[in-house]
Structure formats: structure tokens, C-alpha cells
Amino acid sequence: ETGVTQSPTHLIKTRGQQVTLRCSSQSGHNTVSWYQQALGQGPQFIFQYYREEENGRGNFPPRFSGLQFPNYSSELNVNALELDDSALYLCASSWDTGNTEAFFGQGTRLTVV
Amino acid sequence: LAKTTQPISMDSYEGQEVNITCSHNNIATNDYITWYQQFPSQGPRFIIQGYKTKVTNEVASLFIPADRKSSTLSLPRVSLSDTAVYYCLVGDIGAGNNRKLIWGLGTSLAVNP
């Protein structure tokens, strides 16, 4: 148990729809990062939030957006879903923004049809 | 950013020691080496992190030679439950740097009875 929970665990959406994925970090963790993991690939960094501000972004379009709240929860929003957005979405929380131990949730499996 | 190379897959048997080697020829002075384990449809889990020589915890050992151009994750006496993908990551642990980590394909370890 990492103390990081994600919801929902599975989700099916139609192309063009919007989706919100949620993550509850460990208490006290100021940093949350979101990753996309396609089948058979390693996680790809989407963006990171530190104390409710975006703190870096990977090579993902603006239709991927996020929020971090004071209660250690966060959201990943994806607009105008595409078939290629089908993947496992992971959030990871950590004490800071350095390369320290990150605690991952179990992920949300998103399928876009 | 230091690129890493590790075997795509490995096979072992229960009770054996498994050594997974990661090459990182362009490792920088401030870079640390971190290993994660990931089971299917779950988030990665931190295993171990080190800078040089040897690091050991209750789960694994990490061997890093003097030139730091490679590292070896050693799993003693593996069991079926160690079947997973193992990722080697190399990066600076300073503030703001964990978002720069690149996750490759990892090494898929299969432990057989």
C-alpha cells in the first residue's frame, strides 16, 4: 500500500468526450506527477504540480490539464478524447520535486472507443 | 539526460539470484540511479536508489562500479511474486528534476517454478 489512491480504476469513454481522473496523495506530499502508460511501454511524464502550481510539463497537448488541491488531492482532465489516449494513467506523489522516492497509485485504465 | 539501456526480458527460477544490469554511459556527476518494480495493471513501486558502490535494503542490492557507467540490481532468492517489469532510471535528485526522468521499456522478469 502506497497511500496513493486513484479513481476510477477503469473507465470507458467515447472519442471526443472529456474525462476527469482523480488522485489522492499521501498526506504531506507537496508534489504530484501524472503519467500516461500505453500497453507495453514505460510511463510517460504528462505534468507535475507542486503546491497547487504546475511545475513542468511533458510533451502532451494543452487538452491535457490538471489541478492540485490543498487537501492533497489532484485531477487530470483530458478534453476531446482520441483513441490514442487509451492507456493506464498513473499519479505519483512525493515529498518534493527532486528524484526522491515517488509513491504511485494503482492507476486508472482509460479506454477510448 | 542520461539514457539507459537494459535487457528487454529475463527468465529465472524460484530461489535463484537475479542480476539485472543497466547501462548508462552518459551519466552525469549529480545523477543518481533508481530502480522501480511494476506488476501488471499496477503503479510502479520504488525498490532502491544509489549513487556509487553498493546499496542494500530488505528487498534488493544495487551495485555501482567506480566509473558509474552501469549498475546492477540484484534480487536474492527470487519467488514467483517477483515476476514484474523492472525500470532503471538515472537522474539528478535536485529540486525540480524528477519530472525529467525518462522511463524506458524496462526489463520484464519472468520467474518460473
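See the structure shown above.
Just so it is clear, the model here is predicted, and its values are computed rather than measured.

(A) Layout of the state of the cysteines. Counted under the stated rule, the structure contains two disulfides over all chains. One disulfide bridge connects cysteine 23 of chain A with cysteine 91 of chain A, the sulfur atoms lying 1.9 Å from each other. On the S-S bond that ties cysteine 23 of chain A to cysteine 91 of chain A, the torsion sits near 70°, and the link is right-handed. Of the two residues, cysteine 23 of chain A sits in strand β3 (residues 19-24) while cysteine 91 of chain A sits in strand β9 (residues 87-94), which places them 68 residues apart along the sequence. Judged by relative accessible area, which is 0%, cysteine 91 of chain A ranks as buried. Note on cysteine connectivity: cysteine 22 of chain B is disulfide-linked to cysteine 88 of chain B, with sulfurs 2.2 Å apart. Its S-S torsion of about -80° marks the bond between cysteine 22 of chain B and cysteine 88 of chain B as left-handed, since a negative value means left-handed.

(B) Structural view of the interface of chain B and chain A. With 24 residues of chain B at the contact, the number on the chain A side is 24 residues. A buried area of about 1,800 Å², summed over both sides, lies between chain B and chain A, and 48% of it is on carbon and sulfur atoms. Taken together, the links from chain B to chain A amount to zero salt bridges. Run the count over chain B and chain A and you get four residue pairs in polar contact (both at pLDDT 80 or more). Going through the elements one at a time, β3 (31-38), β4 (45-50) and β8 (84-92) of chain B are the ones with two or more residues in the side of chain B that touches chain A. Counting residues per element, the side of chain B that touches chain A draws most heavily on β3 of chain B, which supplies four residues. A breakdown of the residues in the side of chain B that touches chain A according to their chemical character gives 10 nonpolar, 12 polar and two charged.

(C) Region of interest: the pairing of strand β2 (residues 18-23) of chain B. Residues and elements named next belong to chain B. Burial of the side chains of β2 is restricted to one face: Val18, Ile20 and Cys22 are buried, whereas none of Asn19, Thr21 and Ser23 on the reverse face is. Of the strand pairs in this sheet, β2 and strand β7 (residues 70-75) are connected by six bridges, and their pairing is antiparallel. For asparagine 19, the partnering residue across the bridge sits in β7 and is serine 74.

(D) Molecular detail of the side chain of serine 94 of chain A. Considering the arrangement of structural elements, one finds serine 94 of chain A in strand β9. Not counting chain neighbours up to four residues away, the residues in contact with serine 94 of chain A comprise His29, Asn30, Thr31, Thr100, Glu101 and Ala102 of chain A together with Asn98 of chain B.

(E) Quick look at the packing of aromatic side chains. Counting across every chain of the model gives 11 aromatic pairs over all chains. Note on phenylalanine 104 of chain A and tyrosine 36 of chain B: the rings are 5.9 Å apart at their centroids and 85° apart in plane angle, and the pair reads as edge-to-face. Within this pair, whereas phenylalanine 104 of chain A is found in strand β10 (residues 103-104), its partner tyrosine 36 of chain B is found in strand β3, the two belonging to separate chains. Here the two residues phenylalanine 104 of chain A and tyrosine 36 of chain B agree in accessibility, since each one is buried. Taking 5.0 Å as the distance between ring centres and 50° as the angle between the ring planes, the aromatic pair formed by tyrosine 36 of chain B and tryptophan 103 of chain B counts as tilted. Here tyrosine 36 of chain B is found in strand β3, whereas its partner tryptophan 103 of chain B is found in the loop between β8 and β9 (107-112), with 67 residues between them in sequence. Of the two residues, tyrosine 36 of chain B and tryptophan 103 of chain B, both sit in the buried class. When the ring centre of tyrosine 51 of chain B is taken as origin, the NZ or CZ atom of arginine 68 of chain B, which lies over that ring, is 3.9 Å away.

So, how was this worked out
Residues numbered from 1 in each chain as written. Chains lettered and ligands numbered in written order. Predicted model: local features only at pLDDT ≥ 70, side-chain atom pairs only at ≥ 80, totals over all residues. Heavy atoms only, no water. Disulfide = S-S within 2.5 Å. Helix = DSSP H or I, 4+ residues; strand = E, 2+ residues; numbered from the N terminus. Buried < 20%, exposed > 50% of the residue type's maximum accessible area, 1.4 Å probe, protein only. Contact = heavy atoms within 4.5 Å. Buried area = accessible area lost by both parts, 1.4 Å probe. Salt bridge = Lys/Arg side-chain N within 4 Å of Asp/Glu carboxyl O. Polar contact = N/O pair within 3.5 Å; in protein donor to acceptor, adjacent residues only side chain to side chain. Nonpolar A, V, L, I, M, F, W, Y, C, P; charged D, E, K, R; others polar. Pairing = 2+ DSSP bridges. Phe/Tyr/Trp six-rings, centres within 6.5 Å; stacked < 30°, edge-to-face > 60°. Lys NZ or Arg CZ within 6 Å of the ring centre and 35° of its normal.

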